[in-house]
Amino acid sequence: MNRLVVVLGVIWCLGTTLAKAQVAPDCSNAVPICNNTPVNGGTNGYGADDFKGAGKSGCLEKTPSGAIESNAAWYRFRTGASGQLGFNIGFDSNEDWDFALYKASDCNSLGDPIRCNFFDNRDANSFIGVGEDPQGATDNVQYEEWLEVLPGEDYYLLVNNFSNINSGFSIQFTGQIFVTNPYDALDCAIINNLLGPPIAACNNENIVLDASTADVVSYTWYKDVGNGYAVIPGEVSATLNVLEAAFYRVEVITQSQNNIISDVQVGFSQAPTTSPVDDEHLCLDSGYFYLSDKDQMALGGQSANDVIISYHSSLADADAGVNALPLEYGLQAGEQQIYIRATSVQNPRCYDASEDFKLTVHKPLAPNFPLEVFLCEGEVNAVIGEAVPDPEYNYLWSTGEITSSITVAQGGEYSLTITDKLGVSACDNTFMINVYASKTPHIKEVIIEDLQDSNTVTIVSDREGDFEYRLDEGTYQPDNKFYNVLPGRHSVTLSDLNGCGSATETIVVVGFPKFFTPNGDGANDVWNIVGISSLEEPILTVYNRYGKLLKQLSQNSMGWDGTYNGVALPSDDYWFKLSFKDQDGQRIMAKHINNHFSLKR
């Protein structure tokens, strides 16, 4: 780390000891600043006890020195505008620094700090401060909330090194106030040094020190790069072009003998550069693009510890260093230009926003063809894929064919990959098409629950599949069971949802007693069925368990009285069959009837 020294803004009179001032260890001599400072030479001790023996000031407590301060540096600044204000204190990550910020106009009435941080640096952070860590560490506990300031407010800043090991620090002001008021966010009228406040410059800037004064006899310029001040030969004008980091001093001799000596520190930070990065082609279904994946390419050979990379939606935002895009960047279909800003960690004024890249987000293709195709029983083949080819795309099937559609003769899984002929789409437009060989459905069984008042019909298929069911000419339903079916003749239909045919059967729903008791008491003395009035010429035949025909009944018969040729039959189980004529006049046997009943005596 470059070890330079921030000097007090002091106007020296000739004859005064020309001791080189460094940081101000006392509040009363706080260094006035109105912009970023270069890295100073560190702190050593704390001078007078600015807290007059107090044991605590905000978050700060007594240190091993016996006072709140141990190795202190004091600064003061005044706001020139209103808005959001913060600052970063940058230092070696191996060191431990604290700070306290006081809203006060003099050192005798500091009050409690309005922002204060004393956390140890166990996380090896390179910054503490107010606002946001410039390196993007959102979990940095050494940062306090932004300030909302108004013009003309005075602040004192104490920066204290607790560890007694320090190589100096720099101060960088941040916040929206520097976007809205880039030239007067801080009031430089508090600086009474002829050469102004310490200057933190970029190595690509032209720095000119101006000591112009009225009634001048001569100017003499000095430079100190660490070995004491030495005259700069030939520099005798009111201005000096600065080419290297150093302490500079001007000696101004006036006719009135009111001679002046003024010192200022000038520090240079390396201005970063941005290396070109490649354009990106992404697919919308990725959801996000991690912009930080571009960091290394943008950095080139620069270290991420020295340069911060941010991404912006406009060149104006990149130049201003505002509205950085989230690193987890949500994708939107189309082309977007992303602008890159490389910012010096040591001095945020040093940046480069000369590079950008194009982010093209492609929409995945939506198939306009079915991904499930059924090859029905009796069909020789089926055509799968896109019926009308798009001339801007290429097609490749898992079979090796390169047409937009193919003809298949057997079931299985087929893949179709569609690529644009320019070869830029990042989407994986591969579609899996499943071809199922499907048989024509058949009705295996119709279960009829004859309860006379509430009949239920259930259709049973000969196999599993995707079916819908219908009773008579009603609407199709997904359930294979029908309730409250009226007695009589009905048709039931089983239809394949995949277009592989249907099966229909005619059923008869009848009502009959499950038993009868022909004992002459007038109750249940005969057995018959109901619900056959809609049938043409129905004939009911009754059998014993051995299949012997016992009785034949017509639609107008009174029923069976349990006798055969006038002889009463014993208690037992009996069966019946029902036949009728169809629409062609052919006699058919009613199927799926539960045709069992009992005779009890």
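What you are looking at is a predicted structure, and each value in this text was computed from that prediction instead of being measured. (Residues numbered from 1 in each chain as written. Predicted model: local features only at pLDDT ≥ 70, side-chain atom pairs only at ≥ 80, totals over all residues. Heavy atoms only, no water.)

Draft legend 1. Spotlight on the pattern of salt bridges. Enumeration according to the criterion identifies 12 salt bridges in this entry. Salt-bridge contacts for D154 lead to R78; the nearest nitrogen and oxygen are separated by 2.6 Å. In this pair, D154 sits in strand 12 (residues 154–161) while R78 sits in strand 5 (residues 72–78), placing the two residues 76 residues apart along the sequence. One salt bridge connects E537 with K581, and the closest N-O pair in it is separated by 3.2 Å. (Salt bridge = Lys/Arg side-chain N within 4 Å of Asp/Glu carboxyl O. Helix = DSSP H or I, 4+ residues; strand = E, 2+ residues; numbered from the N terminus.)

Draft legend 2. Spotlight on the sheet that holds strand 29 (residues 393–397). Ordered by their spatial adjacency, four strands build an open sheet running 27-32-31-29, and the pairing between neighbours is mixed. Lying at the two open borders of the sheet, with one neighbouring strand each, are strand 27 (372–376) and strand 29. Each neighbouring strand pair of the sheet contributes to a mean axis angle of 25°, computed without reference to strand direction. Of the strand pairs in this sheet, strand 29 and strand 31 (residues 412–420) are connected by five bridges, and their pairing is antiparallel. (Pairing = 2+ DSSP bridges. Axes fitted to C-alpha atoms, helices over the stretch in contact; angles between N-to-C directions.)

Draft legend 3. The arrangement of the nonpolar core in detail. Core analysis: the largest hydrophobic core is formed by 31 residues, its most contacted members being Y75, F87 and F169. Of all the elements in the fold, those that place two or more residues in this core are strand 5, strand 6 (83–90), strand 7 (97–103), strand 9 (127–130), strand 11 (147–149), strand 12 and strand 13 (170–174). Discounting chain neighbours no more than four positions away, the residues touching F87 are F99, L101, I128, G129, V130, Y143, L157, I171, Q172, F173 and T174. Membership of the second largest hydrophobic core comes to 22 residues, among which are F512, I529, W560 and L569. (Core = buried A, V, L, I, M, F, W, Y, C linked by side-chain atoms within 4.5 Å. Buried < 20%, exposed > 50% of the residue type's maximum accessible area, 1.4 Å probe, protein only. Contact = heavy atoms within 4.5 Å.)

Draft legend 4. Structural detail: the sheet that holds strand 25 (residues 334–344). Strand order in the open sheet made by the four strands is 21-26-25-23, with mixed pairing throughout. Both edges of this open sheet fall to strand 21 (280–283) and strand 23 (307–312), since each of them pairs with a single strand only. Neighbour-to-neighbour, the strand axes of the sheet open up by a mean angle of 30°, direction not taken into account. The pairing of strand 23 with strand 25 spans six bridges and is antiparallel. Paired with I309 across the bridge in strand 25 is A342.

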